[in-house]
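As a plain string of letters, each chain reads:
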Amino acid sequence: MNIIRALYAASQAGVDIELLVRGMCALRPGVRGLSDRIRVRSTVGRFLEHSRIFYFENGDEPEVYVGSADWMHRNLHERVEVLFPLKNPLLRDRVVHEILAAYLADNVKTRFLQKDGRYLRPWQSLRGRSKRPPRGAAAFNAQDFLIGLVEGTRTIEEIPSAVPRRASRSSGARSSSDEL
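This structure is a prediction, so every number in the text was calculated from the model and none was measured.

*Asks:* Run through the overall build of the chain, naming residues and quoting values.
*Replies:* When helices and strands are tallied, the chain shows four helices and eight strands. Helices (α) and strands (β) of the chain occur, in sequence order from the N terminus, as α-β-β-β-β-α-β-α-β-β-α-β. Here the chain, with 180 residues, has 37% of them falling under the buried criterion. If you take every contact in the chain between residues at least 6 apart in sequence, the share linking residues at least 24 apart comes to 59%. Carbon and sulfur atoms make up 53% of the accessible area of the chain, which totals about 10,700 Å².

Structural data, given as structure tokens:
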């Protein structure tokens, strides 16, 4: 709960936060005055993802950390886990511009956590009504893209822009973890 309280405090201080969470999430995003600058998305595909990437814009000095643990109580309090900075600019850029960018752009397998605890696909309305899911060139699946990238059949130029925020802001944090 301390991490959730810290994320709420950051949101209230004006920090935009994008969380990529695979499993359960006790945080409630989009609550006015509490977490209205936090978005939580879950992308579940055919592979069990375990990327633990922490990206902080930090003004003009972006920082990227990778770690071994998801944010579950047992991992934070009962185990020794590792979190370390990526200092190599090439590795840092690849992680941010290939992996994070792909998952932030996914509109096929991603679901967004609502403040009431429901997950909705990008094409679903708050009332649960579905529009048509993206098809053809408009559909972007992060896991399929990353496979193609490794196989040499895709390039990072094919990553569409991620879903834009309501307004641009100067500070932010992004995290990819399993649970929160």
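*Asks:* Tell me what's going on with the environment of Q114, and back it up with residues and numbers.
*Replies:* Structurally, the position occupied by Q114 is in the loop between β6 (110-113) and β7 (119-120). Expressed as a C-alpha distance, the spacing of Q114 and R28, which sit 86 residues apart in the sequence, is 7.1 Å.

*Asks:* Any chance you could break down the side chain of S42 for me, citing the residues and the numbers?
*Replies:* The residue S42 is located in strand β2 (residues 38-43) in this model. Residue classification places S42 among the buried positions, given a relative accessible area of 0%. A polar contact of 3.1 Å, which involves the side chain of S42, links it to the backbone oxygen of V21. Look past the residues within four positions of S42 in its chain and what remains in contact with it is V21, R22, K109, T110, R111 and Y119.

Reading the values: rules and limits
- Residues numbered from 1 in each chain as written.
- Predicted model: local features only at pLDDT ≥ 70, side-chain atom pairs only at ≥ 80, totals over all residues.
- Heavy atoms only, no water.
- Helix = DSSP H or I, 4+ residues; strand = E, 2+ residues; numbered from the N terminus.
- Buried < 20%, exposed > 50% of the residue type's maximum accessible area, 1.4 Å probe, protein only.
- Contact = heavy atoms within 4.5 Å.
- Areas by Shrake-Rupley, 256 points an atom, 1.4 Å probe, with all protein chains shown as cover.
- Polar contact = N/O pair within 3.5 Å; in protein donor to acceptor, adjacent residues only side chain to side chain.

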